[in-house]
Amino acid sequence: MNIEDQLKKIFFDVLEIEADDIEPDKSLAVSLGIDSTEMVELNVVIKKSFNLDIPTSTFKKTQSFNDIVKFLKEIM
Amino acid sequence: MEKIAITGMGIVSPSGIDKRKFWSNVSHGRCAIEKITRFDASKYTSQVAGHVHELEAYSNVSSRLLKKIDVFSHMALVGTELALQDAQMNLEHEDLNRAGIFMGNAIGGWLFAETELRDLYIEGREGVSPFAASAWFPAAPQGQISIKYQMKGYSKTVVADRASSLMAIGYGAKTLVHNKANFIVAGGMEAPVTPYALLCCQTSGMLTQHNATPQEAYKPFDQDGDGYAIAEGAGIMIMEPEARAKKRGVKIYGNVIGYASTTDGVNRIDSAEDGVELARAIRLALEDAKLNPDQIDYVCLDGAGQKKADLSETRAIKAVFGANAKNIPMSAPKSVFGNMLGASGAVDVLTTLLAMEYKTVPPTINLKNPLAGCDLNYCANGSVSKEINNAMVISRGRGGINAVMVISK
């Protein structure tokens, strides 16, 4: 499974968001109504799933689905 | 006080979620208290409780939101939806800046909290869901109702142990009297059937230990009563000034016409044995309602099922109603489904309104041998036909909290 597919699975497992509803370049807050606590929960699960040892605050600059994909590709 | 109408009800209880099913079970005294099987309660001194079944069948809460809230908020949301529908409220035509929410809760959402605390100790800081911060605290259901329905008026959550929701309804009624809102969603919710919450309730020493016979465990005013059985649930109602309800042309179940509360100031757990402060609350509520004691047709009792509490409640009633006390039918219908703690007062109000509607006093069950000194008409032999024009609801909390409400048809 590639990073995008893994992320889509996490979005569904954590927030029940279907892959079809994700607009990759749009703000997660605006397009999917993801609030700050949901973002923290997503980030914690992403860190666990990808085995990352980084502070959760590192994700602060990621606004969209593609931002997260890009960030993960950079650090992995 | 000005009449405040109750025009919608949402009941989530061990005796049923639909109000007709609830009333059928309660008026027939069909006990809903069961042995706790949701977790291993075998080491607890109290192992029985009233459980809500079929919550999902009545729920329109999204699975995404369900992951973020405790079950006590879920029950409050289901109850609110039922109450709004029942009151035929069209929120699109309402000024939601003048829609208030007054809720009562005693202990918060512990199923969510204790699950996350376990994760804290097993996985460390990052094992804890960030949703825990907004899921557990007693005002969480108020927030969820506000978000879901965009109600943004003057609102409060009252935490006063078992008297929480009766107080919340009382404050809600006063808020409407002072014209600070057009309508109010009021009531309470509680979800104490969890390992930690049960432990805390048990520590208070107020829970029954009749574990072998769950359906006969909760025995208000009986010699063998040793406390109440906890229960989960929610009681939600829509309140609005009577004139507004009449203008809307909707059904009015009844009106809140008087409310008062006092505090014993004696013990951090037990109510005062003399019942003097409860009697004062009853008098003040009657005064607020501009009624004499002989105008009350039914009293819905707190009925904690504990000797001292049952005796002091009886003493207070005798002090106010005098020789006529024995002629007034009274009962503790919560003996049927269990004590919903912070939600109990609200469910008692709804039960009383149904009693008015069906002209029937629901029974106190499991009362076979009355406690010495408890010699009132507790309707222990089953429901009693009775035209009820004015009724009183009594709710008490640990630390000597007394709340009393007067309701008229």
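Preceding this section is the structure that the text describes.
These lines cover the structure that appears in this document, whether it is placed above or below.

Procedures and definitions
Residues numbered from 1 in each chain as written. Chains lettered and ligands numbered in written order. Predicted model: local features only at pLDDT ≥ 70, side-chain atom pairs only at ≥ 80, totals over all residues. Heavy atoms only, no water. 1 Å grid on protein atoms, 1.4 Å probe; cavity = no way out; pocket = protein on both sides within 12 Å on 5 of 7 lines; lining within 4 Å. Points joined across faces, edges and corners; volume = space filled by probe spheres on them. Nonpolar A, V, L, I, M, F, W, Y, C, P; charged D, E, K, R; others polar. Salt bridge = Lys/Arg side-chain N within 4 Å of Asp/Glu carboxyl O. Helix = DSSP H or I, 4+ residues; strand = E, 2+ residues; numbered from the N terminus. Buried < 20%, exposed > 50% of the residue type's maximum accessible area, 1.4 Å probe, protein only. Contact = heavy atoms within 4.5 Å. Buried area = accessible area lost by both parts, 1.4 Å probe.

Residue and element names in this part refer to chain B. Within the structure shown, the criterion is met by two cavities of 30 Å³ or more. Looking at side-chain class alone, the lining of the largest cavity contains three nonpolar, three polar and four charged residues. The volume enclosed by the second largest cavity comes to roughly 40 Å³. Every residue along the wall of the second largest cavity is listed here: Ile-107, Asp-161, Arg-162, Cys-201, Tyr-228, Leu-341 and Arg-398. Looking at the lining of the second largest cavity, its residues break down into four nonpolar, no polar and three charged.

Glancing now at the pattern of salt bridges. Counted according to the given criterion, the structure contains 30 salt bridges over all chains. For Lys-73 of chain A, the salt bridge is made with Glu-4 of chain A, and the minimal N-O distance between the two is 3.3 Å. Here Lys-73 of chain A is found in helix α4 (residues 65-75), whereas its partner Glu-4 of chain A is found in helix α1 (residues 3-15), with 69 residues between them in sequence. Taking relative accessible area as the criterion, Lys-73 of chain A reaches 48% and is therefore assigned partly exposed. Residue class for Glu-4 of chain A comes out partly exposed when judged on its relative accessible area of 24%. With a closest N to O distance of 2.7 Å, Lys-174 of chain B and Asp-288 of chain B form a salt bridge. Of this pair, Lys-174 of chain B sits in helix α7 (residues 164-177) while Asp-288 of chain B sits in helix α10 (residues 276-289), and the two are 114 residues apart along the sequence. Overall, the relative accessible area of 24% leaves Lys-174 of chain B in the partly exposed class.

With ten residues of chain B at the contact, the number on the chain A side is 18 residues. Of the roughly 1,100 Å² buried between chain B and chain A, counting both surfaces, carbon and sulfur atoms make up 43%. Taken together, the links from chain B to chain A amount to six salt bridges. A salt bridge links Glu-38 of chain A to Arg-64 of chain B, with the nearest nitrogen and oxygen atoms 3.0 Å apart. Per-class residue counts for the side of chain B that touches chain A are two nonpolar, three polar and five charged.

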